[in-house]
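Remarks on the overall topology
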Amino acid sequence: MSGLSKHTRASHTPYRILSHVLATVFAVCTCVGLLLGLSACGTASSSQQQSASTQHTTQQQAQESTPIPIVASLPQWGALASQLGGKYVKVTSCIADQNTSISNFTPTQEQQDTINKAQLLVMNGAGLDDWMKQSTTTQQNDQSTQNDQSTQSNQNTQIINAARIIGANTGDNPYLWFSSDVRKAVAQELTNTLSNVDQQHADYFKQQLEAYNTEEQHIADSIKAIAKDKQQYTYITTSTIGQYLMSDMGITDATPDTATQALDNGSAITTEDVGRMQSMLEARQTQLLVRSTQPADAERNTVNLLGGIAGRSDVPMLDLSPIMPASYASLPSWITAIVNHVSTDLAMPMQQPVSSTGTSNNTGTSSNTGQAGNSQSSEGSADHPSNEGQMDPGK
């Protein structure tokens, strides 16, 4: 029995050794496989992180290099958006030519397409640029039936309406850019909107706004300098276009009340009121005649008549355009030029009227900003006024 037991133990010993060897080899292989698998997973994870980081960097670079597309109805609002947005915006103004009639303007198909692609729209409101609102409505209607990429992006288009910001409605005085309060309110709203759209450059937009407000303060300082004179200046007008600016400058509106009511209602000035205004000009009971460069056709004869009388009576005239001339780089520079003209006019009445654009009304030639025009004599009567003071129908 003992011999058999020894034989049996001896015969099983090689198998046991082989079994241990195989188990060890299997364990080693398993560990190597796990290590290789973990290494592969680590490599894949690192590669994915690098890819995600690269994609984020690419998107960030694209965002930094692509300016915000903005469309403005009028160049004065477009200039303000451009000044505040700086290098991070691309601004297009639908109306760029000073000779374009605001009342008859309709955007072209190309302009309509530009509006549809804009990320931000800036409009005046108060009935002056309803075509912009109609374009926006058309765009929104198109979005309900189209699903292309450009349409999807347009669903986020934001609209800044100057009239809506201050609570003005259709029928109110629409020449809002001539009001300091409105300009500053729109500038603030533009800055807030740009900062929300492009948050990484919010500090830049804030700095642009601070620089703009500094220019507005310079305008206010110029106006205060005019107000130092104790003389009470007055003006009469054939349009509501200058009311905001004259109010900011502290110049009193001496236009007959019934004529003012007619202007506010969009009606023509009566013959009686025209006679009263004529007498005021001839007697030099007012220091300034304010006119629009785009009067209604029915008002053009009255505008020219009073202009001729003002010219013969040495009463200066201020012709304000509803469209900022292209010669001005910014809205504050335009307003500053107008204030300087008025300041010069009130200090030294001109015999040849000079418009706010720095051009002589009857010659169309350029003059130095703030400089008085050359003295000219003219002949004519109230019934047959001379060409002096008359506006070029094409202006």
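Each chain carries its own residue numbering, running from 1 in the written order of its sequence. In keeping with the predicted nature of the model, local features appear solely for residues at pLDDT of at least 70, side-chain atom pairs appear and are counted solely at 80 or more, and the whole-chain, interface and lining totals rest on all residues. To obtain the side-chain values, all non-hydrogen atoms of the structure were used and water was disregarded.

Attention shifts here to the confidence of the model for the protein. Detailed reading of the predicted coordinates is not advisable wherever pLDDT falls low. The predictor attaches a confidence to each residue, and that confidence, scored 0 to 100, is pLDDT. Mean pLDDT over the protein: 78, with 66% of residues reaching 70 or higher. Contacts are residue-level and defined by heavy atoms, with any inter-residue pair within 4.5 Å sufficient. In the predicted structure, residues 349-388 sits below a pLDDT of 50 and forms 96 contacts with residues beyond four places in sequence or in another chain.

All right, on to the packing of helix 2 (residues 75-85) against helix 7 (residues 180-197) then. Contact geometry of helix 2 with helix 7 gives a least axis separation of 10 Å together with a crossing angle of 50°. The pairing of helix 2 with helix 7 is recorded here as oblique in orientation. Taken as a pair, helix 2 and helix 7 cross one another with a handedness that is right-handed. Mapping the contact onto sequence places Trp77, Leu80, Ala81, Leu84 and Gly85 in helix 2 and Val182, Arg183, Val186, Ala187, Leu190, Thr191 and Leu194 in helix 7. Amino acids outside the nonpolar list (Ala, Val, Leu, Ile, Met, Phe, Trp, Tyr, Cys, Pro) and the charged list (Asp, Glu, Lys, Arg) are all regarded as polar, and Gly is one of them. By residue class, the composition of the contact of helix 2 with helix 7 is 9 nonpolar, 2 polar and 1 charged. For helices, the axis comes from a line fit to the C-alpha atoms of the stretch in contact; other axes are also lines fit to C-alpha atoms, and the angle between any two N-to-C directions lies between 0 and 180 degrees. Put simply, DSSP H or I for four residues or longer makes a helix, DSSP E for two residues or longer makes a strand, and each gets a number counted from the N terminus. Any angle from 65 to 115 degrees is called roughly perpendicular, while one under 35 is roughly parallel, one over 145 is roughly antiparallel, and all others are oblique. Definitions for this section: a left-handed crossing has its near helix turned counterclockwise from the far helix by less than a right angle. A right-handed crossing has that turn clockwise.

If you walk across this open sheet you meet the 4 strands as 6-5-7-8, and the pairing is parallel. The strands lining the two open edges of the sheet, one partner per strand, are strand 6 (252-253) and strand 8 (317-320). By the convention used here, strands pair only if DSSP detects at least 2 bridges between them. Relative to strand 7 (residues 289-292), strand 5 (residues 234-237) is paired through 2 bridges, and the arrangement is parallel. In the strand pairing of strand 7, isoleucine 236 is matched with leucine 289. Contacts between helix 12 (residues 300-312) and the sheet are confined to strand 7 and strand 8, with strand 7 contributing the most and set at about 145° to the helix.

One non-glycine residue, alanine 126, adopts positive backbone phi at about 60°. Structurally, the position occupied by alanine 126 is in the loop between strand 3 (120-123) and helix 4 (130-143). Even without being glycine, aspartate 314 reaches a positive phi, approximately 60°. Structurally, the position occupied by aspartate 314 is in the loop between helix 12 and strand 8.

For the rest of this paragraph, the subject is the pattern of salt bridges. One side-chain nitrogen of Lys or Arg within 4 Å of one carboxyl oxygen of Asp or Glu is enough to make a salt bridge. In the structure shown here, the tally under the stated rule is 3 salt bridges. Between arginine 291 and aspartate 319 there is a salt bridge, with the nearest N and O atoms lying 2.8 Å from each other. Of this pair, arginine 291 sits in strand 7 while aspartate 319 is found in strand 8, placing the two residues 28 residues apart along the sequence. Each of the two residues, arginine 291 as well as aspartate 319, counts as buried. Burial classes: relative accessible area under 20% of the type maximum marks a residue as buried, over 50% as exposed, and values in between as partly exposed (1.4 Å probe, protein chains only).

If you trace the backbone, glutamine 76 turns up in helix 2. Looking at glutamine 76, its side chain comes within polar contact range of the main-chain oxygen of proline 322, at 2.9 Å. Whenever a nitrogen or oxygen atom comes within 3.5 Å of another N or O atom, the pair is scored as a polar contact, on the condition that within protein one atom can donate a hydrogen and the other can accept it, and that pairs from neighbouring residues in sequence are kept only if both atoms are in side chains. Within polar-contact distance, the side chain of glutamine 76 engages the backbone nitrogen of methionine 324 at 3.1 Å. Aside from chain neighbours lying at most four places away, what touches glutamine 76 is Trp177, Pro322, Ile323, Met324, Leu331 and Trp334.

Stacked, edge-to-face and tilted are the three classes for Phe, Tyr and Trp ring pairs, Trp counted by its six-membered ring, which pair at centre distances within 6.5 Å; planes under 30 degrees apart are stacked, over 60 edge-to-face, the rest tilted. Going through the model one piece at a time under the given rule, you end up with 7 aromatic pairs. When the ring of tyrosine 88 is compared with that of tyrosine 204, the centres are 4.9 Å apart and the planes differ by 90°; the resulting orientation is edge-to-face. Of this pair, tyrosine 88 sits in the loop between helix 2 and strand 2 (89-93) while tyrosine 204 sits in helix 8 (residues 202-227), and the two are 116 residues apart along the sequence. By relative accessible area, which is 15% here, tyrosine 88 ends up buried. Centre to centre, the rings of tyrosine 204 and phenylalanine 205 are 5.8 Å apart; their planes meet at 70°, and the pair counts as edge-to-face. One aromatic cluster in this structure is built from Tyr175, Trp177, Phe178 and Trp334.

Once that is clear, we can look at the nonpolar core. Definition used in this section: a nonpolar core is a set of buried Ala, Val, Leu, Ile, Met, Phe, Trp, Tyr and Cys residues joined via side-chain atoms within 4.5 Å. In this structure, Trp77, Phe178, Leu190, Met246, Met249 and Val342 are the most contacted members of the largest nonpolar core, which totals 67 residues. For this core, the leading source of residues is helix 13 (residues 331-347), giving 8 residues. Those residues within four positions of phenylalanine 178 in sequence are excluded, and the remaining contacts are Arg183, Ile241, Tyr244, Leu245, Asp248, Leu320, Ser321, Trp334, Ile335 and Ile338. Among the nonpolar cores identified, the runner-up in size contains 15 residues, and Val274, Met277, Leu305 and Val315 belong to it.

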